[in-house]
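Fold and contact review
Now for the letters of each chain:
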Amino acid sequence: MAVGEVMRMEVPTGGDLTVSSPDLHVLAVDDSIVDRKVIERLLRISSCKVTTVESGTRALQYLGLDGNTGDSDLKDLKVNLIVTDYSMPGLTGYDLLKKIKESSTFREIPVVIMSSENILTRIEQCLKEGAEDFLLKPVKLADVKRIKQLIMRNEAEDHRTLSHSNKRKLGEDVDTSPSSSHDYSSVKDFPSSKRMKSESDIFSPFI
């Protein structure tokens with residue numbers, strides 16, 4: 001596939017996967033097809049892989065959090081970020097946020113809430129529940145780029161932390177491994193340099 005070419009594959013009931021770069025995979029959730037296309041385009045411009053779904057319920061199905069294993073053929077794909085609209089029929093973006101943060105598997109995935117309404121109590125509520133950020137619509141390219149940089153920086157820090165932990169563990173394993181201990185049980189079988197020097201002095205007149 002040529003650079004910049006977009007590959008699409010169908011997701012059951014309304015979602016689609018847009019692949020443009022392996023850097024960051026974003027799940028975008030919005031009941032408005034216009035807003036879905038806008039956020040998808042901005043994410044693609046920012047070189048992200050994008051999966052779009054039209055409801056919080058479909059997002060849970062995609063992630064395998066609806067209680068029915070196997071509903072999503074794409075759930076094995078790693079998701080680095082979830083961007084969701086706040087006001088949606090049925091399961092709202094706030095409800096989706098809480099479901100994700102209650103999951104032991106997905107609670108570490110950053111969730112960004114979008115809304116066309118600048119309601120302070122709503123923003124504070126989402127941030128208190130663990131939202132990474134709250135974006136006002138219309139979402140701008142600068143917003144997406146800022147979020148992407150934040151997520152990639154966090155992932156880089158997590159990678160460094162994991163690498164440091166693995167190195168420390170490897171060092172501990174080396175220190176405690178049998179190969180690192182020394183067996184001196186056979187040292188007595190070899191004459192010391194002092195003893196060898198003494199014997200040399202004794203026999204030197206006869207040489």
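The structure presented is a predicted model; accordingly, all values stated were derived computationally and were not measured. (Residues numbered from 1 in each chain as written. Predicted model: local features only at pLDDT ≥ 70, side-chain atom pairs only at ≥ 80, totals over all residues. Heavy atoms only, no water.)

Description of the pairing of strand β7 (residues 133-136)
Condition: At least two DSSP bridges between two strands are required for those strands to pair. Only DSSP runs of H or I covering at least 4 residues are called helices, and only runs of E covering at least 2 are called strands; the numbering of each starts at the N terminus.
Note: strand β6 (residues 111-115) against β7, four bridges, orientation parallel. Counterpart to Ile 113 in the pairing with β7 is Phe 134.

Remarks on the UniProt feature "modified residue: 4-aspartylphosphate" (unreviewed entry) in the protein
Heads up, the condition is: UniProt positions are given in the numbering used here, feature names are shortened, and annotations may be inferred rather than shown by experiment. Between buried and exposed lies partly exposed: a residue is buried under 20% and exposed over 50% of the maximum accessible area for its type, with that area taken using a 1.4 Å probe on protein chains only. Contacts are assigned to residue pairs that have any heavy atoms within 4.5 Å of one another.
Under the local residue numbering, the UniProt record ascribes the feature "modified residue: 4-aspartylphosphate" (unreviewed entry) to Asp 85. Its relative accessible area of 6% is what places Asp 85 among the buried residues. Those residues within four positions of Asp 85 in sequence are excluded, and the remaining contacts are Val 29, Asp 30, Asp 31, Gly 93, Met 114, Ser 115 and Lys 137.

A short note on the environment of Asp 85
This is how it is decided: Two N or O atoms count as a polar contact when they lie within 3.5 Å, although within protein this holds only if one can serve as hydrogen donor and the other as acceptor, and sequence-adjacent residues are included solely when both atoms are side-chain atoms.
With respect to the secondary-structure elements, Asp 85 resides in strand β5 (residues 81-85). Measuring from C-alpha to C-alpha, the distance between Asp 85 and Glu 54 comes to 9.8 Å, with 31 residues separating the pair along the chain. Looking at Asp 85, its side chain comes within polar contact range of the side chain of Lys 137, at 3.1 Å.

With respect to a negative patch on the surface
Using the following cut-off: For patches, a residue must show more than 30% relative accessible area and have no salt bridge; joins then use 9 Å for like charges and 5 Å for nonpolar side chains, namely Val, Leu, Ile, Met, Phe, Trp and Tyr. Here the accessible surface of atoms and residues is derived via Shrake-Rupley with a 1.4 Å probe, and residues count as covered only by protein chains that are part of the display. For this analysis, a salt bridge means a side-chain nitrogen from Lys or Arg found within 4 Å of a carboxyl oxygen belonging to Asp or Glu. For the purpose of counting charges, residues Lys and Arg are taken to be positive, whereas Asp and Glu are taken to be negative. His and the chain ends are not included. Here the site of a charge means NZ on Lys, CZ on Arg, CG on Asp, or CD on Glu.
Residues Glu 108, Glu 155, Glu 157 and Asp 158 make up a contiguous surface patch of negative charge. By the element assignment, Glu 155 lies in helix α5 (residues 141-176). Take Glu 155: its relative accessible area is 30%, and that puts it in the partly exposed class.

Some thoughts on helix α3 (residues 93-102)
Defined as follows: Think of it as the arc spanned by the lines of direction from the helix axis to the C-beta atoms.
All buried positions along α3 are accounted for by Gly 93, Tyr 94, Leu 96, Leu 97 and Ile 100. End-on, the buried residues of α3 take up no more than an arc of 160°, which puts them together on one face. Packed against the buried residues of α3 are β3 (25-29), α2 (56-63), β5, β6 and α4 (120-128).

Some thoughts on unusual backbone geometry
Between Lys 137 and the following residue, Pro 138, the backbone shows a cis peptide bond with an omega angle of 0°. Here Pro 138 is to be found in the loop between β7 and α5. Notably, Ser 47 is not glycine yet its phi reads approximately 65°, a positive angle. By secondary structure assignment, the location of Ser 47 is in the loop between α1 (33-45) and β4 (49-53). You can call Ser 47 partly exposed: its relative accessible area is 30%.

Focus: the side chain of Lys 137
Position of Lys 137 relative to the elements: it lies in the loop between β7 and α5. On the basis of relative accessibility, which here comes to 18%, the residue Lys 137 falls in the buried class. A polar side-chain atom of Lys 137 sits 2.7 Å from a polar atom in the side chain of Asp 30. In this structure Lys 137 touches Asp 30, Asp 35, Asp 85, Met 114, Ser 115 and Ser 116, once residues within four positions along its chain are discounted.

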